Each structure stands twice: as structure tokens, then as C-alpha cells.
Amino acid sequence: MVDLKVEIAPGLVLKNPVMTASGTFGYGREYAPYFDISRLGAIITKGLSRQPKIGNSGVRITETACGMLNAIGLENIGVERFLSDELPILQKMNATVIVNVFGNNQDDYANLAAKLDGVAGIAALEINISCPNVKAGGIQFGIDPQAAAKLVAAVRKKTSLPLITKLSPNVSDIVVIAKAVEEAGSDCISLINTLIGMAIDLERKCPILGNVTGGLSGPAIKPVALRMVYQVAQAVSIPIIGIGGIANARDALEFLLAGATAIEVGTANFINPQTSIEIVEGIEQYLDAQGYSKVTDFIASLELN
Amino acid sequence: MYLFNSEIVNKEKLTQNIFRLRIKAANDFCRVATPGKFVMLGSDDSLFDPLLRRPFGICRWGTDWFEVIIKIVGKGSSQLSKLEKGASVAVHGPLGNGYPINKPENEQNTLILVAGGMGIASIASYLFAAFDRKQPLIGTFLLYGAANYSELILLNELTDADAFGLQLQTITDDGSCGRQGLVTQLLSHELQNNPQSQVFACGPEPMLKSVQKVLQKNECDGFLSLENRMACGFGVCLGCVQSMINEDDETSVKTAKVCTQGPVFPAQQVIF
Ligand SMILES: Cc1cc2nc3c(=O)[nH]c(=O)nc-3n(C[C@H](O)[C@H](O)[C@H](O)COP(=O)(O)OP(=O)(O)OC[C@H]3O[C@@H](n4cnc5c(N)ncnc54)[C@H](O)[C@@H]3O)c2cc1C
Ligand SMILES: Cc1cc2nc3c(=O)[nH]c(=O)nc-3n(C[C@H](O)[C@H](O)[C@H](O)COP(=O)(O)O)c2cc1C
Ligand code: FES
């Protein structure tokens, strides 16, 4: 049987390359009725902030061709309640837990990193840098290489946990951002977050989402994600986690070929809660059938014609 | 909760754009179905378009089947409408809390069911469950409103022998069946006659809003079944949330997931 273990950061070896994307897996336990979540490489929590956040009002989701737009507004229970109410349950389930965090400014991120540092049961930190940088006039940390690097360096100082930086695709050159966060000390890069999009209700002549715009996810964004993973893989030497439209094992394998060491399954979890575990099984079957002894031989083995 | 691919064992056209599917299901699924719960349904071969499954109320069930009634309004419902007997569907359910079906403590209390448009599919699940248990419906009112006569579905089934004791009143926007007007007018009237009633309501949001107002005016408790848009149906996307009054702290607002904490909520808690 093929060895599915992958190392996504120094010392952080996952039992397989399949994780679940932040915001699509709740706090993890919601999936326990459907399969044993400890069988996944890791689960990644809904994005957490220092204080609980109530999220956006109005319509929050709408489907588009082969995808969906969401404007949840990062609703979450806050880091304190996660630590007291949710993490112990995940530990009992033996799940490998990666915590996704976000903030409004550098202090928020640094504070969250410090708070989670050394907490038992947390395998790594994923920082979502697609949030507005209030100090820099509301622009995202994730679209400015300098701001992104400063943020990563600040978080790096506050945590000994493996650090994953999650990149926004809403930039003109994602490679520049990837290099900047690598340099600033990120152990790993995950990409992509959602692409900003919009949907209009022609009958009512108004935007469908309460927030006007929202994040596009699902199979519709897979080609963009795959291209970005491929480009970033050429440019950095730290491991990459591929995200975007992955709905089955074939999709996941394509991301591995393009240079991702691991992948995250997002929107597809909504359609079938067992998608992620089916992808673990599908990858294993494929690699076994192809005669691979370890998945690492397959990763980044794309042949250019 | 169960997750399975199943077979359509019967399909019946109720109107030009409303149809009923009977879908095979395991005994275990049927045992945990209760009125007001729902399923997420999808076609096996949608090839991601539509992408997400769609929520539909479990309208009736037996030992090895359940039924849904679907109105064609868009991509998902229209694709389901193309499936014929024998075709395969993907099912996830039963989901949600359902109506509180413990009998009112005071046997004399009346139960008023209020259905607007397709809200009848959810409300009828209570009635069909009563029929199937041979439970008499004395003291139960069904106030049923729709745009016009042809949109009033299930009338035959809701007036036949099974429905012994049920008092049915219809109302339509255009007066083509029953009175002309809105179903909340019927509710106001009934609550004056029976102030101690329990009320269950399902329908479009504007209707539920006015049901809430009527209940408030009459100082009457009731339950509303909401139909917010859903992506997952099992509490992980936060797409379906509804603002609710925070009982712990009346000055603040909280959100509730309609899919797992609902779809049925005490009327006075919902903030529209
Ligand atoms: C718990 C629950 C139970 C339901 N039970 C039933 C049922 O028994 N029978 C039934 O026919 N329908 C029921 N619905 C509604 C049904 O889920 C939607 O009609 C269906 O998802 C529409 O999908 P579609 O792809 O056909 O339409 P879409 O293409 O998604 O949308 C078509 C149009 O409807 C609007 N729309 C879509 N969803 C909603 C919504 N939730 N609220 C308001 N507007 C919306 C869209 O903006 C668009 O204008 C229920 C919904 C919920 C949440
Ligand atoms: C409903 C929803 C909520 C999300 N919430 C978060 C979040 O809180 N933090 C985050 O970093 N990404 C969030 N994402 C982005 C996903 O983690 C993922 O990057 C994106 O959806 C692309 O992957 P997919 O196409 O497989 O869904 C969310 C996505 C969706 C659909
Ligand atoms: S539909 Fe996803 S949380 Fe309710």
C-alpha cells in the first residue's frame, strides 16, 4: 500500500495530503456523524477572530454556474469559545487540528498567534491574510507584498507552531506575494482563497447578496487555482497546499502534480459531507494502481509537453 | 442523518409546475422522519451544475419510502423535475428539528396550521403524519392561502375521509377559490374565536412576517418554519442563518442556523 504521508512544515507530517478548507468544515465535529475525522490529514477550523463575530446580514450565499458565492462575513464563535468548547471535542476525536485565524490589524493576528502558541491539540496555524488592513486604509494584507511580509513576520515572532499563510487570488501577481511570505518566515503557503465575484437578480434589478459582492468557490475556480499553485510551486521552496474547486480524487491528484504537497477540500464538503474521506481513498487507490510506493514521488511530477 | 443514493419509485404531476416524488428509503431513515424535517436532494448526474443540493420538506413517509413535493422555480428544481420513475437521486437527511408534535397539554386547545403557497408541503407533513397514525383532527384548522385556485394543491387529499375533523379554509389572492385575500386574515379571525390556540406556519417570508404580527397582537405563541437559502443543510456553511432575539440578553441579537437549529422556530424569537 502506498505511503500517503506528507510533510507540510518542518516536523509536521500528516498521515495523508487531504485537509478540509476553513469555513467549509465548521469546527469539525459537525462531520463526525458522517465519518471518522481523525482519518483526514488535518481538519482546518472556521476562521477565528479574537472576539466572536456575527457576520453579514441579508442573503449570504447564492449559486452560480458550477460554483457558489458566499458573503458569510467571517461569522465565528471567537478564539476563547473555540478553545473551551470545541477543541476538547476535537482532541477526543483524535483529529489533527489546524486553526485558521484572521484579524483587522497586525495586533489581532499577533495576539491570536500568541494565544494559540503551545496549546495542546493544535498542529499548526493557518493565517487568512485576505482581510482588510484597517491601518493601511482598508486594503487587504494579502494584496500588498510588504504588508503581507510584515504581518507574517509579526505572527512568526509570536508562535512556535508551524505557520501556514493562506493567500488571496485577488491580486495581479500571486508569485510576488508568495515569495514575500516565504521570506518573512512562513513554513507553508496555502492557496487559493475565494475569488471576488458578484451576482445580480435581474427581476428585482439588485445584487443577490446582501453584501453586494462575495467569494466565488467550487469547481468554477479550479483552473485558476491550479494555475496559481503551479506558478507558486515554481517560485518558492516551502511546501504548498492547493485549494480551489477540488471535488474528487482526480482534482486532488491534479493539484499534487502541479506541485502542491497537500490539498484542502472546500465547497465540495457541502454537497457530500464524505467528499474529503472519499478523496483520501481515491488518491490511495489511484497511486496503488499506478504502482507508486509513496505519494511524495507523485507530487510535482508534472511532465511538460 | 443518512446519506444515500436512491431510486424514484413514483412521480406525479400535481400542476403545471408542481410535482411529487416518492423516493425509496431505508427503514432507519423513515423511523427518524418527523413532520417539518427536510432532506437535501440532488441529481446524481448534475456534473456540478447545479452544484449544491436543494432543501425540500419531507411531506409524507411510509416504512420504506418518503415523498417530497417540489415547485419548479429555478435550476435545481427544474433538473429534479426531469427525473422520471426509476431514476436515481442523492439524498441527505432527515435534517432539521421539525414541528413540536407533543400534544398540547390542554386537550381543548386548538391547533391552527397556516400554509402559504408551497408552505403547504411542510404543513401537510403534520397532517399526513396524523392521517397515517389515524389520529383524529378535531380542533385542528388548516388555513391555506395561495395565488389562485390552481396553486392550491392537495385539496382532494386534505378533504377526504382521512382528514376527519380537519377544518379547512382556503383563501386566494384573486378570489378564485375561497375568500379573496391573504391567509393572515383567516388567522386573525380564527384567533379571535380560539384565543388559546397553538399555531404552526410555513410560507414565504412576507407571510411569516405578518403571521408573527398577528400572533403578537393576539398574544399567542406559535411556530414558524423558515425556508432560508441553504448551501449545506447540516450546519457548516453559515449561509442559512436568521437573526434571532437573544433570550439571555434581550438587548442583543444572535443568529441561528435554520438548517440545524430550525427550520421551525418559536415565532416570537425570529427577527425578520
Ligand atoms: C427547509 C426548507 C424546506 C423547503 N421545502 C420545500 C418544499 O417542500 N417544496 C418546495 O418546492 N420548495 C421547498 N423549499 C424551497 C426550495 O428549497 C427552493 O425552491 C429551491 O432550493 C430552489 O432551487 P432552484 O435551483 O430550483 O432555484 P434557484 O435557481 O436556486 O432559484 C430560483 C429563484 O428562487 C430564488 N430562491 C432560491 N432559493 C430561495 C429561498 N430559499 N428563498 C427565497 N428565494 C429563493 C432565487 O433567488 C431565484 O430567484 C424549501 C426550502 C427550505 C430551506
Ligand atoms: C461558505 C464559505 C466560508 C469560508 N470561510 C472561510 C474562512 O473563514 N477563512 C478562510 O480562510 N477561508 C474561508 N473560505 C474559503 C475556503 O477555505 C476556500 O479557500 C475556498 O472556498 C476555495 O476552495 P473550494 O473551491 O474548494 O471551496 C470559505 C469558503 C466558503 C465557501
Ligand atoms: S445551510 Fe449551511 S449552515 Fe445551514
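If you're wondering where the values come from, they're calculated on a predicted model, not measured in any experiment.

Peer 1: Would you mind going over the overall build of chain A with me for this structure?
Peer 2: Scanning chain A for helices and strands turns up eight helices and 18 strands. Relative to the compact-globule value of 19 Å for 305 residues, chain A shows a C-alpha radius of gyration of 18 Å, a close match. Dimensions along the principal axes, computed over C-alpha positions, put chain A at roughly 55 × 50 × 40 Å. Looking at the 305 residues of chain A, the share that counts as buried comes to 59%.

Peer 1: Even after reading the chapter, I still don't get the interface of chain A and chain B, so can you show me in this structure?
Peer 2: Quite often, the size of an interface is put as the accessible area lost when its parts meet. If you look at the interface, chain A gives 33 residues, while chain B gives 28 residues. Of the roughly 2,400 Å² buried between chain A and chain B, counting both surfaces, carbon and sulfur atoms make up 66%. When the buried surface of chain A facing chain B is broken down by residue, Glu63(A), Phe270(A) and Ile271(A) rank first, second and third, together holding 26% of it. The residue Glu63(A) makes a salt bridge to Arg54(B) at a minimum N-O spacing of 2.7 Å. Remark: the boundary between chain A and chain B carries seven residue pairs in polar contact (both at pLDDT 80 or more).

Peer 1: Mind showing me how you'd approach the domain arrangement of chain B here?
Peer 2: All names here are of chain B. Taken domain by domain, chain B comprises domain 1 (2-95) and domain 2 (111-269). The C-alpha-based centres of domain 1 and domain 2 are spaced at 21 Å. The interface of domain 1 with domain 2 comprises 20 residues on the first partner and 23 residues on the second. Across the interface of domain 1 and domain 2, roughly 1,800 Å² is buried in total on both sides, 64% from carbon and sulfur atoms. On the domain 1 side of the interface with domain 2, the three residues burying the most area are Phe 38, Cys 59 and Arg 60, jointly 28% of the side's total. Our count for the contact surface shared by domain 1 and domain 2 stands at three salt bridges. Taking the shortest distance from any N to any O, the salt bridge between Arg 60 and Asp 132 comes out at 2.8 Å. Inspection of the domain 1/domain 2 interface yields four residue pairs in polar contact (both at pLDDT 80 or more).

Peer 1: Hey, could you run me through helix H3 (residues 119-132) of chain B in this one?
Peer 2: Residues three or four positions apart in an α-helix share a direction because the helix packs 3.6 residues into each turn. All names here are of chain B. Between its terminal C-alpha atoms H3 stretches 20 Å, which fits the 20 Å expected from 14 residues at 1.5 Å a residue. Roughly 30° is the biggest bend found in H3, and it falls at Ser 125. Once H3 finishes, Lys 134 follows within two positions and takes phi at roughly 60°, a positive value.

Peer 1: What am I meant to see in unusual backbone geometry here?
Peer 2: Across residues other than glycine, the phi torsion is negative in most instances, and most of the peptide bonds are trans. With an omega dihedral of 15°, the bond running from Leu191(A) to Ile192(A) counts as a cis peptide bond. Examined against the element boundaries, Ile192(A) turns out to sit in the loop between strand E12 (188-191) and strand E13 (195-198). Here the amide bond leading from Gly93(B) into Pro94(B) is cis, since omega sits at -10°, within 30 degrees of zero. If you trace the backbone, Pro94(B) turns up in strand E7 (residues 88-95). One non-glycine residue, Lys205(A), lies in positive phi territory at about 55°. Structurally, Lys205(A) is set in the loop between strand E14 (200-201) and strand E15 (206-207). Even without glycine at this site, Leu238(B) takes up a positive phi of about 65°.

Peer 1: Explain the site of ligand 2 to me, please; I cannot follow it from the model alone.
Peer 2: Residues and elements named next belong to chain A. The immediate surroundings of ligand 2 are formed by 25 residues, with Ser 22, Lys 166, Gly 218, Gly 245 and Thr 267 found nearest. A distance of 3.1 Å is found between an oxygen atom of ligand 2 and a backbone nitrogen or oxygen belonging to Gly 266. Computed on the free molecule, ligand 2 has an accessible area of 600 Å², of which 98% lies beneath the protein chains in the complex. With respect to the pocket detection grid, ligand 2 is positioned in the second largest pocket. Per-class residue counts for the shell around ligand 2 are nine nonpolar, 14 polar and two charged.

Peer 1: Before we go on, may I ask you to explain the site of ligand 1 in this structure?
Peer 2: Residue and element names in this part refer to chain B. Neighbouring ligand 1 are 19 residues, the closest being Arg 54, Pro 55, Gly 76, Ser 77 and Arg 229. One of the backbone nitrogen or oxygen atoms of Lys 71 is found 2.8 Å away from an oxygen atom of ligand 1. Between ligand 1 and Ser 77 there is a distance of 2.4 Å, counted from an oxygen atom to a side-chain nitrogen or oxygen. In the complex, the protein chains occlude 75% of the 910 Å² of accessible area that ligand 1 would expose alone. Where the shell around ligand 1 is concerned, the elements lending two or more residues are strand E4 (54-57), strand E6 (65-71) and helix H2 (75-81).

Peer 1: Help me understand the side chain of Asp108(A) in this model?
Peer 2: Residues and elements named next belong to chain A. Checked against the element boundaries, Asp 108 lands in helix H2 (residues 106-116). Since its relative accessible area comes to 15%, Asp 108 is described here as buried. When sequence neighbours within four positions are dropped, the list of residues in contact with Asp 108 reads Arg 50 and Gly 103.

Peer 1: Just to check I follow, could you spell out H2(A) for this structure?
Peer 2: All names here are of chain A. Along H2, the positions that sit buried rather than exposed are Asp 108, Tyr 109, Ala 110, Leu 112, Ala 113 and Leu 116. On its buried face, H2 sits against helix H1 (79-92), strand E7 (97-101), strand E8 (124-128) and helix H3 (145-158). Between the side-chain oxygen of the N-cap and the backbone nitrogen of Asp 107 there are 3.2 Å, and the N-cap of H2 in question is Asn 105. Looking one or two residues beyond H2, the residue adopting positive phi is Gly 118, at roughly 80°.

Peer 1: What should I look at first to understand the packing of helix H5 (residues 183-193) of chain B against helix H6 (residues 205-217) of chain B in this one?
Peer 2: Each packed pair of helices is defined by two parameters, the angle between the axes and the distance between the axes. Residue and element names in this part refer to chain B. The geometry of H5 relative to H6 is characterised by a closest axis approach of 10 Å and an angle of 20° between their N-to-C directions. Relative to H6, H5 is oriented roughly parallel. Our pair here, H5 against H6, has a crossing hand that is right-handed. Residues Val 183, Thr 184, Leu 187, Ser 188 and Leu 191 of H5 pack against Met 207, Ser 210, Val 211, Val 214 and Leu 215 of H6. Partitioned by chemical class, the residues of the contact of H5 with H6 number seven nonpolar, three polar and no charged.

Peer 1: Whenever I open this one, the pattern of salt bridges confuses me. Can you help?
Peer 2: Pairing between side chains of opposite charge can happen when the charged atoms of each approach one another. Per the stated rule, a full pass over the model turns up 23 salt bridges over all chains. The shortest N-O distance in the salt bridge between Glu247(B) and Lys254(B) comes to 3.3 Å. Glu247(B) gets classed as partly exposed once you look at its relative accessible area, which sits at 42%. Each member of the salt-bridge network shares a partner with another, and the members are Lys222(A), Asp251(A) and Glu254(A).

Peer 1: Where do I start with empty space enclosed by the protein in this structure?
Peer 2: Empty pockets left among the atoms are what a rolling probe the size of a water molecule brings to light. Tallied over the entire structure, the rule returns three cavities of 30 Å³ or more. In this structure, the second largest cavity encloses a volume near 50 Å³. Together, Gly218(A), Pro219(A), Gly245(A), Ile246(A), Gly266(A), Thr267(A), Ala268(A), Ile271(A) and Leu51(B) line the second largest cavity. For the lining of the second largest cavity, the class distribution of residues is five nonpolar, four polar and no charged.

Conventions adopted
- Residues numbered from 1 in each chain as written.
- Chains lettered and ligands numbered in written order.
- Predicted model: local features only at pLDDT ≥ 70, side-chain atom pairs only at ≥ 80, totals over all residues.
- Heavy atoms only, no water.
- Helix = DSSP H or I, 4+ residues; strand = E, 2+ residues; numbered from the N terminus.
- Rg over C-alpha atoms; globule rule 2.2 N^0.38 Å.
- Buried < 20%, exposed > 50% of the residue type's maximum accessible area, 1.4 Å probe, protein only.
- Contact = heavy atoms within 4.5 Å.
- Buried area = accessible area lost by both parts, 1.4 Å probe.
- Salt bridge = Lys/Arg side-chain N within 4 Å of Asp/Glu carboxyl O.
- Polar contact = N/O pair within 3.5 Å; in protein donor to acceptor, adjacent residues only side chain to side chain.
- Domains from an automatic or database assignment.
- Expected span 1.5 Å × (residues − 1).
- Bend = angle between axes of the 7 residues up to and from the residue.
- Near = heavy atom within 4 Å.
- Areas by Shrake-Rupley, 256 points an atom, 1.4 Å probe, with all protein chains shown as cover.
- 1 Å grid on protein atoms, 1.4 Å probe; cavity = no way out; pocket = protein on both sides within 12 Å on 5 of 7 lines; lining within 4 Å.
- Sits in = over half its atoms within 2 Å of the grid points.
- Nonpolar A, V, L, I, M, F, W, Y, C, P; charged D, E, K, R; others polar.
- Axes fitted to C-alpha atoms, helices over the stretch in contact; angles between N-to-C directions.
- Parallel < 35°, antiparallel > 145°, perpendicular 65-115°, else oblique.
- Left-handed = near helix turned anticlockwise from the far one by under 90°.
- Points joined across faces, edges and corners; volume = space filled by probe spheres on them.

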